[in-house]
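# Examining the three-dimensional arrangement
This is what each chain is made of:
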Amino acid sequence: SQEARDVLAALAPHIQKCTEAFKGQTVSNSLYGLRRCGGSQEVRAVLATLVPHIQKCTDAFAGHNVSNSIYGLQRCGDSQEARDVLAALVPHIQKCEGAFTRQSVSNSLHGLQRCGDSQEARDVLAALAPHIQKCTEAFKGQTVSNSLYGLRRCGGSQEVRAVLATLVPHIQKCTDAFAGHNVSNSIYGLQRCG
């Protein structure tokens, strides 16, 4: 809504002036809150003001911090500001300790759905692949479909192919019955994967 965009525009200078160090939870909550806001000029301005805070964050990210951060970008589009956020998140993803849950995998990949085939998105995928591989939780049909759907605009890069390879064993082990929309979203997500 215009009102939400006005609030974001009013918040941007306050975010920029904030001197308190952000924790992983602060970053993830901030980005997650944008998940339905679209790619407006106001959203892009907020993303731009968040980037330095993400870069300066020394707090360790848990899997849910990573996934909620990326999930929040799902409607932000393929703007330079969104790419800058992805680039700032990469070191946090690489340093993330602890196992990703199936929900963390699903939300992370689903959040990339409008990010396009940028170097920043490829770097995020490369950082996520080991976490996806290590996930021990059994995937459900919804996990599979959300994960694959999130790749729909990521192209056919080596990083996308590596993520697909890490997903195959999870899909093969999935015993959950797929609903029709799980099937269609899974296949739809592969449209640009090469």
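Above this note sits the structure.
The paragraphs below set out a description of the structure included in this document. (Residues numbered from 1 in each chain as written. Predicted model: local features only at pLDDT ≥ 70, side-chain atom pairs only at ≥ 80, totals over all residues. Heavy atoms only, no water.)

This part covers the overall build of the chain. The secondary structure content of the chain amounts to 10 helices and 0 strands. Taken from N to C terminus, the helices and strands of the chain fall in the order α-α-α-α-α-α-α-α-α-α. Expected size for 194 residues packed as a compact globule is a radius of gyration near 16 Å; at 16 Å, the chain falls within 12% of this value. Expressed along its principal axes, the backbone C-alpha trace of the chain runs to roughly 50 × 35 × 25 Å. Each of the 194 residues in the chain was classed as buried or not, and the buried ones make up 49%. Taking the contacts inside the chain whose residues are at least 6 apart along the sequence as the reference set, 88% of them involve residues at least 24 apart. With an accessible surface of roughly 9,400 Å², the chain has 50% of that area assigned to carbon and sulfur atoms. (Helix = DSSP H or I, 4+ residues; strand = E, 2+ residues; numbered from the N terminus. Rg over C-alpha atoms; globule rule 2.2 N^0.38 Å. Buried < 20%, exposed > 50% of the residue type's maximum accessible area, 1.4 Å probe, protein only. Contact = heavy atoms within 4.5 Å. Areas by Shrake-Rupley, 256 points an atom, 1.4 Å probe, with all protein chains shown as cover.)

Going through the model one piece at a time under the given rule, you end up with 2 aromatic pairs. Arranged with centres 5.7 Å apart and planes meeting at 20 degrees, the rings of Y32 and Y71 form a pair that is stacked. With Y32 in helix α2 (residues 24-32) and Y71 in helix α4 (residues 63-71), this residue pair connects regions lying 39 residues apart in the sequence. Taken together, a centroid distance of 5.7 Å and an interplanar angle of 20 degrees make the contact between Y149 and Y188 stacked. With Y149 in helix α8 (residues 141-149) and Y188 in helix α10 (residues 180-188), this pair connects stretches of sequence that are 39 residues apart. Since its relative accessible area comes to 40%, Y188 is described here as partly exposed. (Phe/Tyr/Trp six-rings, centres within 6.5 Å; stacked < 30°, edge-to-face > 60°.)

With that settled, consider α2. Taken as a whole, α2 has its buried residues at G24, V27, S28 and L31. Buried positions in α2, seen along its axis, are confined to an arc of 95 degrees and lie on one side of it. Those residues of α2 that are buried are in contact with α3 (41-56), α4 and α5 (80-95). (Arc of directions from axis to C-beta.)

Further remarks concern the pattern of salt bridges. For the structure on display, the rule yields 4 salt bridges. R102 is the salt-bridge partner of E137, the closest N and O atoms lying 3.6 Å from each other. Taken together, the residues E137 in the loop between α7 (119-134) and α8 and R102 in helix α6 (residues 102-110) connect sequence positions 35 residues apart. Exposure remark for E137: the relative accessible area of 31% places this residue in the partly exposed category. Across the salt bridge formed by D117 and R122, the nearest N and O atoms sit 2.8 Å from each other. With a relative accessible area of 17%, R122 lands in the buried category. (Salt bridge = Lys/Arg side-chain N within 4 Å of Asp/Glu carboxyl O.)

Ranked by internal contacts, the top residues of the largest apolar core, which has 50 residues, are L31, L109 and L151. Residues contacting L151, with those up to four places away along its chain left out, are L109, L125, V163, L164, L167, G189 and C193. (Core = buried A, V, L, I, M, F, W, Y, C linked by side-chain atoms within 4.5 Å.)

Time to look at the side chain of R152. By secondary structure assignment, the location of R152 is in the loop between α8 and α9 (158-173). One buried charged residue, R152, remains without a salt bridge, the closest side chain of opposite sign being D78 at 12 Å. (Lys, Arg positive; Asp, Glu negative; His and termini not counted.)

Another aspect to go through is the packing of α8 against α9. Where α8 meets α9, the closest approach of the two axes is 11 Å, and the angle between their N-to-C directions is 165 degrees. As the angle between them shows, α8 and α9 are arranged roughly antiparallel. α9 is crossed by α8, and the crossing has left-handed handedness. Along its contact with α8, which presents V144, S147 and L148, the element α9 presents L164, L167 and I171. The residue makeup of the contact of α8 with α9, split by class, is 5 nonpolar, 1 polar and no charged. (Axes fitted to C-alpha atoms, helices over the stretch in contact; angles between N-to-C directions. Parallel < 35°, antiparallel > 145°, perpendicular 65-115°, else oblique. Left-handed = near helix turned anticlockwise from the far one by under 90°. Nonpolar A, V, L, I, M, F, W, Y, C, P; charged D, E, K, R; others polar.)

On to the layout of surface pockets. Put simply, the largest pocket is a space of about 200 Å³. Around the largest pocket, the lining comprises 13 residues; the ones closest to its centre are C57, T58, D59, H92 and K95. Ranked by residues supplied to the lining of the largest pocket, first place goes to α5 with 4 residues. The residue makeup of the lining of the largest pocket, split by class, is 7 nonpolar, 3 polar and 3 charged. (1 Å grid on protein atoms, 1.4 Å probe; cavity = no way out; pocket = protein on both sides within 12 Å on 5 of 7 lines; lining within 4 Å. Points joined across faces, edges and corners; volume = space filled by probe spheres on them.)

What is shown is where atoms sit, not what they do.
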